[in-house]
There are 2 protein chains.
Amino acid sequence: MSLHNNKKGNKRMKVYFVSDGTAITAEVFGSAMLSFFDVDIEAESVPFLATIDQANGFVQQVNEEVEVGKAALVFYTISDPEISEVVQRCETHCYNLFGDLLSPIEKALGVPAQPNAQKAHGMKAGVYDIRIDAINYALANDDGVSIKNFEEADVILLGVSRSGKTPTSLYMAMQYGIKAANYPLNEDDFRAVGLPRILRPHKSKLYGLTIDPQRLHEIRSGRMAASKYASQRQCRYEIEEVEAIYRQERVSFLNTTLLSVEEISTKIMAEMQLSRHR
Amino acid sequence: MSLHNNKKGNKRMKVYFVSDGTAITAEVFGSAMLSFFDVDIEAESVPFLATIDQANGFVQQVNEEVEVGKAALVFYTISDPEISEVVQRCETHCYNLFGDLLSPIEKALGVPAQPNAQKAHGMKAGVYDIRIDAINYALANDDGVSIKNFEEADVILLGVSRSGKTPTSLYMAMQYGIKAANYPLNEDDFRAVGLPRILRPHKSKLYGLTIDPQRLHEIRSGRMAASKYASQRQCRYEIEEVEAIYRQERVSFLNTTLLSVEEISTKIMAEMQLSRHR
């Protein structure tokens, strides 16, 4: 297949992530692969492709696009062999993400693969409740909520307002079932000596977030432009103070400025030696 | 490698998901592969393996485990070729998840892979803000918040209390940057004629959740045992009423009882023709 160039001289690719389930595995893996390439991607997820008819319809669509020069890659994870066979009829580069590894893993494990066992993102009794429970915990133990239940926490995130505590606690709950409470440190805490009283019994669970003052200023300005709260001076002051507390109290901390919520969460879990609740 | 059997006669496997990044891709993909097998897994993520020293330490640990009969599989995604080479020295089944596909994709795209471009879960300017913005939107437009901003919503989730609206709206925000508001339907709405007034201008954005009354009873009992709210009778009544509203008003809806939050979210996105905000 030869690809047309777009006006900028970059390659423009139509890419499909296809699955008989959510297509999340195909999307995560395919996106990671494509991130190695400096190409302009138009990606589309095609989840729940679960019948032969749907598969035929998809193949026809792709083949029509290929014919008019719209290049395409197809990444797929399909557990039903008949549907998988139909998808292979796409007249373009079509990667069966599970295909190549199944047989080596069968040999390594010494047991046969069972296509019907495949239900990566399906509802597993128990697992669901753990995550929903952790999300509810994060929401109930977020900034500004008066009654704190820190006994149950796996980790308590500290930081000034808008340093990333809430998204991080929700991500840890959603992905890993981790109960992450969070506690906003503010001027009252800066004027006091030592850690806020409510945190002292839980010192081993504390983890601090910090952020570049300039970035904090931008984020806060998006919410309350031209306020004292968002001013560069105030942001600098709060970050200096909060980092001083972390150092004095020997609380591990992380600068979130250049990190995604996934990176922040996995770094905290590694440092605090937390693992997924299953 | 031969594997020892555990008492139940199942295989017990130690599995590592290794990366110089978050290891999320290795974990998602490796877990999906392993879900084909009826084996008892002890999985461990090893993120941020970013130096030769760390890689050597990891290899030594794995090789010691292999020597004492603790079987291991290693799934890895590492962009640095030198670190990748070290990890390959694990004396067990060691799968380079990116390795096999990079070269075919290079040929398909006609451009060379650039290892340093690989930053699948890293902070991309703009993308981060979209997701955080969507999370803040979901939190501000969740059950019980008085001022609703439905104009901005990509989708508005309807459902009775505890039918899964909040986790779904947060997942859609976190993973896809979708702004999902949610609106709890209650007895006042059941007694009224038609949809609540506040929803009427946004009919095309509405999506309903429903759930088996028995499951709803269990979930509510976990929060308020022996209450009217959690009673089987009340749960049956609310579900009958809410489904009647969906049917009368022709609002698409989904039964969430057996679905994970990933499945609920991807099904809604497919039906409402929503795509990831990039």
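Residues numbered from 1 in each chain as written. Chains lettered and ligands numbered in written order. Predicted model: local features only at pLDDT ≥ 70, side-chain atom pairs only at ≥ 80, totals over all residues. Heavy atoms only, no water.

Per an unreviewed UniProt entry, chain A goes by Putative phosphoenolpyruvate synthase regulatory protein and derives from Marinomonas mediterranea. If you open the UniProt record of chain A and go to Function (unreviewed entry), you find "Bifunctional serine/threonine kinase and phosphorylase involved in the regulation of the phosphoenolpyruvate synthase (PEPS) by catalyzing its phosphorylation/dephosphorylation." Check the Sequence similarities (unreviewed entry) section of the UniProt entry for chain A; it says "Belongs to the pyruvate, phosphate/water dikinase regulatory protein family. PSRP subfamily." (UniProt positions renumbered as here; feature names shortened; annotations may be inferred.)

The next point concerns the overall build of chain A. A count of helical and extended segments in chain A gives ten helices and eight strands. Across the 278 residues in chain A, those meeting the buried criterion constitute 54%. Long-range pairs, those at least 24 residues apart, make up 71% of the contacts in chain A between residues at least 6 apart in sequence. For chain A, the exposed area adds up to about 12,800 Å²; of that, 48% sits on carbon and sulfur atoms. (Helix = DSSP H or I, 4+ residues; strand = E, 2+ residues; numbered from the N terminus. Buried < 20%, exposed > 50% of the residue type's maximum accessible area, 1.4 Å probe, protein only. Contact = heavy atoms within 4.5 Å. Areas by Shrake-Rupley, 256 points an atom, 1.4 Å probe, with all protein chains shown as cover.)

What follows covers the UniProt feature "binding site: ADP" (unreviewed entry) in chain A. Residue and element names in this part refer to chain A. The feature "binding site: ADP" (unreviewed entry), as annotated in UniProt, sits at G159, V160, S161, R162, S163, G164, K165 and T166 in this numbering. By the element assignment, G164 lies in the loop between β5 (155-159) and α6 (165-176). Along the chain, K165 falls in helix α6. Ignoring anything within four residues of it in the chain, the contact list for K165 reads D143, L157, L158, G159, V160, N182, Y183, P184 and L209. Within polar-contact distance, the side chain of K165 engages the backbone oxygen of V160 at 3.0 Å. (Polar contact = N/O pair within 3.5 Å; in protein donor to acceptor, adjacent residues only side chain to side chain.)

In screw terms, the move from chain B to chain A is a rotation of 180° and a rise of 0.0 Å along the axis, fitting with an RMSD of 0.1 Å. Expressed as an axis order, the relation between the two copies is that of a two-fold axis. If distances are taken from each C-alpha of chain B to the rotation axis, the shortest is found for F29 of chain B, at 3.3 Å. The residues that chain B uses at the interface reappear at the interface of chain A in 100% of cases, marking a shared surface. (Least-squares fit on C-alpha atoms with pLDDT ≥ 70 in both.)

Moving on: the pattern of salt bridges. Tallied over the full model, the rule gives 28 salt bridges over all chains. Salt bridges linked by common partners bring K14, E42, E44 and E65 of chain A together as one network. (Salt bridge = Lys/Arg side-chain N within 4 Å of Asp/Glu carboxyl O.)

Another point: the interface of chain B and chain A. The partner chain A presents 78 residues to the 78 residues of chain B that form the contact. Across the interface of chain B and chain A, roughly 6,800 Å² is buried in total on both sides, 70% from carbon and sulfur atoms. Taken as a group, F36, F37 and L109 of chain B account for 11% of the area that chain B buries against chain A, more than any other trio of residues on that side. Linking chain B with chain A are four salt bridges, by the criterion used here. Between E27 of chain B and R276 of chain A there is a salt bridge, with its nearest N and O atoms 2.2 Å apart. There are six residue pairs in polar contact (both at pLDDT 80 or more) connecting chain B and chain A. Residue assignment for the side of chain B that touches chain A shows that the elements contributing at least two residues are α1 (24-34), β3 (72-77), β4 (93-96), α4 (99-109), α5 (127-140), α6 (165-176), α8 (213-223) and α10 (261-271) of chain B. At eight residues, α1 of chain B tops the list of elements feeding residues into the side of chain B that touches chain A. Partitioning the side of chain B that touches chain A into residue classes produces 47 nonpolar, 16 polar and 15 charged. (Buried area = accessible area lost by both parts, 1.4 Å probe. Nonpolar A, V, L, I, M, F, W, Y, C, P; charged D, E, K, R; others polar.)

The next point concerns the state of the cysteines. All names here are of chain B. Throughout the structure, instances matching the rule amount to zero disulfides over all chains. Just so you know, C90 is unpaired, no disulfide at all, and the nearest cysteine sulfur is the one on C94, 4.7 Å from it. Taking relative accessible area as the criterion, C90 reaches 5% and is therefore assigned buried. (Disulfide = S-S within 2.5 Å.)

Taken as a whole and assessed by the stated rule, the structure comprises 17 aromatic pairs over all chains. With a centroid separation of 5.5 Å and 35° between ring planes, the pair formed by F75 of chain A and Y95 of chain A is classed as tilted. Highlighted residues: F75 of chain A in strand β3 (residues 72-77) and Y95 of chain A in strand β4 (residues 93-96), separated in sequence by 20 residues. The same class applies to F75 of chain A as to Y95 of chain A, namely buried. On the basis of an interplanar angle of 70° and a centroid distance of 6.3 Å, the ring pair of Y171 of chain B and Y176 of chain B is categorised as edge-to-face. (Phe/Tyr/Trp six-rings, centres within 6.5 Å; stacked < 30°, edge-to-face > 60°.)

Attention now moves to the environment of L216 of chain A. Residues and elements named next belong to chain A. Note on placement: L216 falls in helix α8 (residues 213-223). By relative accessible area, which is 0% here, L216 ends up buried. Along the backbone, L216 and V160 are 56 residues apart, and their C-alpha atoms lie at a distance of 9.4 Å. Not counting the four nearest positions on each side in its chain, L216 is found in contact with V160, S161, R162, I211, C235 and I239.

Residue and element names in this part refer to chain B. Judged by pairing direction, the sheet is parallel, and its four strands sit side by side in the order β6-β5-β7-β8 without closing on themselves. Looking at which strands have only one partner, the edges of the open sheet turn out to be β6 (180-184) and β8 (253-255). Averaged over all pairs of adjacent strands, the angle between strand axes in this sheet comes to 25°, irrespective of strand direction. Contacting β5 (155-159), β6 and β7 (206-210), α6 crosses the sheet at an angle of about 170° to β6. (Pairing = 2+ DSSP bridges. Axes fitted to C-alpha atoms, helices over the stretch in contact; angles between N-to-C directions.)

Along any regular strand, the residues point their side chains to alternate faces of the sheet. All names here are of chain A. Within strand β7 (residues 206-210), five of the five residues are buried, which leaves the element mostly enclosed by the surrounding structure. Neither face of β7 is exposed, since L206, G208 and T210 on one face and Y207 and L209 on the opposite face are all buried. Sheet topology note: the β5/β7 ladder contains three bridges and is parallel. Within β7, the position partnered with I156 by the bridge is L206.

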